[in-house]
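# Inside the fold
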Amino acid sequence: MEQADALVQPRGSITTRAVSWAITSLRTQLATIAGLARQLGVSWRTLGRANKPELERLAADPTTGTPGREDPTN
């Protein structure tokens, strides 16, 4: 199992697969960090810290878009 320890130290760790699942759930199911953290058995802070770098990367990339929303420039 690959873990993203550097993202969530010192109190917890979470796998990169869990981060990917959480981000997909946030984007497609309108889930909350708190709800997903409950499902994973971690605190919302642990999941939030693990997701933050990837969410920031996605937000900065104009090609990723938001599922379910139309591009207003078209």
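The present account deals with the structure reproduced in this document. (Residues numbered from 1 in each chain as written. Predicted model: local features only at pLDDT ≥ 70, side-chain atom pairs only at ≥ 80, totals over all residues. Heavy atoms only, no water.)

A separate point is the pattern of salt bridges. By the definition in use, this model includes two salt bridges. The salt bridge partner of K52 is E56, with a shortest N-O separation of 4.0 Å. Placement of the pair is K52 and E56 together in helix α4 (residues 44–60), with a separation of four residues, close to one helical turn. For E54, the salt bridge identified is with R57, shortest N-O distance 2.6 Å. (Salt bridge = Lys/Arg side-chain N within 4 Å of Asp/Glu carboxyl O. Helix = DSSP H or I, 4+ residues; strand = E, 2+ residues; numbered from the N terminus.)

Along the polypeptide, S25 turns up in helix α2 (residues 16–28). Residues in contact with S25, not counting those within four places in the same chain, are L30, A31 and L36. (Contact = heavy atoms within 4.5 Å.)

Here we come to the nonpolar core. Formed by I14, A18, V19, A22, I23, L26, L36, A37, L47, A50 and L58, the largest nonpolar core amounts to 11 residues. Going through the elements one at a time, α2, α3 (33–40) and α4 are the ones with two or more residues in this core. Examining the composition of this core, we find that five residues originate from one element, α2, more than from any other. Leaving out residues up to four positions away in the same chain, I23 has contacts with N51, E54, L55 and L58. (Core = buried A, V, L, I, M, F, W, Y, C linked by side-chain atoms within 4.5 Å. Buried < 20%, exposed > 50% of the residue type's maximum accessible area, 1.4 Å probe, protein only.)

A few words now on α2. Because each turn of an α-helix spans 3.6 residues, side chains separated by three or four positions end up pointing in the same direction. Under the 1.5 Å per step criterion, the end-to-end length of α2 is 18 Å for 13 residues, consistent within 8% with the ideal 18 Å. Taken together, the buried residues of α2 touch α3 and α4. Two residues or fewer past α2, L30 is found with a positive phi of approximately 55°. (Expected span 1.5 Å × (residues − 1).)

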